[in-house]
Amino acid sequence: MKEIKITASATIYNDITELSGEDNLLMQKAIEARQNAYAPYSKFNVGAALLLENSQIVLGNNQENAAYPSGMCAERVAIWNAGATFPGVKIIKLAISASSTISKVDKPVGPCGACRQTLSEFEINQKVPFEVLFMGEVGEIVKTKSLLDLLPFSFDSSYL
Ligand code: THU
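Predicted model, so just to flag it, every value in this text is computed and none were measured. (Residues numbered from 1 in each chain as written. Predicted model: local features only at pLDDT ≥ 70, side-chain atom pairs only at ≥ 80, totals over all residues. Heavy atoms only, no water.)

1. Focus on the overall build of the chain
Test applied: Strands here mean DSSP runs of E at least two residues long; helices mean DSSP runs of H or I at least four residues long; both are numbered from the N terminus. Each radius of gyration is computed over the set of C-alpha atoms, and the globule rule expresses the reference value as 2.2 Å times the number of residues to the power 0.38. Buried means the residue's accessible area, taken with a 1.4 Å probe over protein chains only, is under 20% of the maximum for its type, while exposed means over 50%, and partly exposed covers the values in between. By definition in these notes, contact holds between two residues if any of their heavy atoms fall within 4.5 Å.
From N to C terminus, the chain includes 3 helices and 6 strands. Reading the chain from its N terminus to its C terminus gives the helix and strand order β-α-β-β-α-β-α-β-β. Computed over C-alpha atoms, the radius of gyration of the chain comes to 16 Å, within 12% of the 15 Å expected from 2.2 N^0.38 for 160 residues, which places it in the range of a compact globule. By the burial criterion, 41% of the 160 residues in the chain qualify as buried. Across the chain, contacts joining residues at least 24 apart in sequence account for 67% of those joining residues at least 6 apart.

2. Side note on the layout of surface pockets
Where we set the bar: The way it works is a 1 Å grid over only the protein atoms, where trapped points that fit a 1.4 Å probe form a cavity and open points with protein on both sides within 12 Å along at least five of seven lines form a pocket, and then any residue with an atom within 4 Å of a point lines it. Grid points are joined across faces, edges and corners, and a volume is the space filled by probe spheres set on the points. Side-chain classes follow a simple rule in which Ala, Val, Leu, Ile, Met, Phe, Trp, Tyr, Cys and Pro form the nonpolar group, Asp, Glu, Lys and Arg form the charged group, and the remainder, Gly included, forms the polar group.
Its boundaries defined by the atoms lining it, the largest pocket holds a volume of some 180 Å³. Looking at the lining of the largest pocket, the elements with two or more residues in it are α2 (74-85) and α3 (113-126). If you tally residues by element for the lining of the largest pocket, the top one is α3, at 4 residues. A breakdown of the residues in the lining of the largest pocket according to their chemical character gives 6 nonpolar, 4 polar and 2 charged.

3. Thoughts on the site of the ligand
Inclusion rule: Here a residue is near a molecule or strand as soon as one of its heavy atoms is found within 4 Å of it. Here a polar contact is taken to be a pair of N or O atoms separated by no more than 3.5 Å, where protein atoms must pair a possible hydrogen donor with a possible acceptor and residues adjacent in sequence count only if both atoms sit in side chains. In short, Shrake-Rupley with a 1.4 Å probe defines the accessible areas, and a residue's cover is counted only from the protein chains shown.
Residues in close proximity to the ligand include Ser-42, Phe-44, Val-46, Asn-62, Glu-64, Cys-73, Ala-74, Glu-75, Gly-110, Pro-111 and Cys-112, which together make up its full environment. In the environment of the ligand, a nitrogen atom lies 2.8 Å from a nitrogen or oxygen atom belonging to the side chain of Glu-75. Cys-112 is positioned such that a nitrogen or oxygen atom in its backbone is 2.9 Å from an oxygen atom of the ligand. Coverage of the ligand by the protein chains reaches 75% of its 370 Å² of free accessible surface.

4. Section: helix α1 (residues 21-34)
What counts is decided by this rule: For a helix, the expected span equals 1.5 Å multiplied by the residue count minus one. Each C-beta atom gives one direction from the helix axis, and the arc is the one those directions make.
Relative to the 20 Å expected for 14 residues at 1.5 Å per residue, α1 spans 20 Å between its end C-alpha atoms, a close match to the ideal helical length. Looking at α1, one finds that the buried residues are Asp-23, Leu-26, Met-27, Ala-30, Ile-31, Ala-33 and Arg-34. The arc enclosing the buried residues of α1, seen along the axis, measures out at 160°, which places them on a common side.

5. Description of α2
Under the 1.5 Å per step criterion, the end-to-end length of α2 is 16 Å for 12 residues, consistent within 8% with the ideal 16 Å. Ala-74, Glu-75, Arg-76, Ala-78, Ile-79 and Ala-82 are the residues of α2 that are buried. The inward-facing, buried residues of α2 abut β2 (44-52), β3 (57-61), β4 (91-100) and α3.

6. A short note on the nonpolar core
This is how the line gets drawn: We define the nonpolar core as a collection of buried residues of types Ala, Val, Leu, Ile, Met, Phe, Trp, Tyr and Cys that are connected through side-chain atoms lying within 4.5 Å of one another.
In terms of nonpolar packing, the biggest core is built from 22 residues, with Leu-50, Leu-94, Phe-130 and Val-132 touching the most fellow members. Other than its neighbours up to four places away in sequence, Val-132 contacts Leu-94, Ile-96, Val-142, Lys-143, Thr-144, Ser-146, Leu-147 and Leu-150. In this structure, Leu-26, Ala-30, Ala-95 and Leu-133 belong to the second largest nonpolar core, which totals 13 residues.

7. Some remarks on the packing of α2 against α3
For the record, the criterion: Orientation is described by lines fitted to C-alpha atoms, with helices fitted over the stretch in contact, and by angles between N-to-C directions that extend from 0 to 180 degrees. Roughly parallel covers angles under 35 degrees, roughly antiparallel covers those over 145, roughly perpendicular covers 65 to 115, and oblique covers all other angles. Crossing handedness follows the turn of the near helix against the far one: under a right angle anticlockwise gives a left-handed crossing, and clockwise gives a right-handed one.
At a minimum axis separation of 9 Å, α2 and α3 run at an interaxial angle of 20°. Taken together, α2 and α3 sit at an angle that is classed as roughly parallel. When the axes of α2 and α3 are compared, the crossing they make is left-handed. Residues Glu-75, Arg-76, Ile-79, Trp-80 and Gly-83 of α2 form the contact with α3, whose participating residues are Ala-114, Cys-115, Thr-118, Leu-119 and Phe-122.

Written as structure tokens, this is what we have:
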């Protein structure tokens, strides 16, 4: 028997003005995408923006449905949009922003477990980590150097 330590590091920025120019621009795109979310049921709007190696920015936002489980998260809409539009083009970074029409979201909103798993497939396939930045509507931003920092002991094709 042995104990192991699982460590991941992240940088916390106080607000969007502390981000680099490139990160700030990508986060602004995530915010724009968030404003087009279709979330009439949860009233929780999420936007995601991916910067690709070919300099293209690909967006996604959550798309809900009256049959609730048929809806989809912003991050998966974005990553599948990238996969469909620019297959095989590496992802450099992902920015995520969330807001609610019910209350002010002032804490960073990380991707849900299913989105982390979906995103991990892309990072593993491209063999280069991509950065992940996430925030609420205002306040702190979390930045990791790699998607897999958010998903220890992940499942991947090597198990199949
Ligand atoms: N949502 C996302 O878009 N991304 C996440 O990572 C967490 C949750 C969406 C799904 C649903 O439309 C709403 O937020 C409330 O769960």
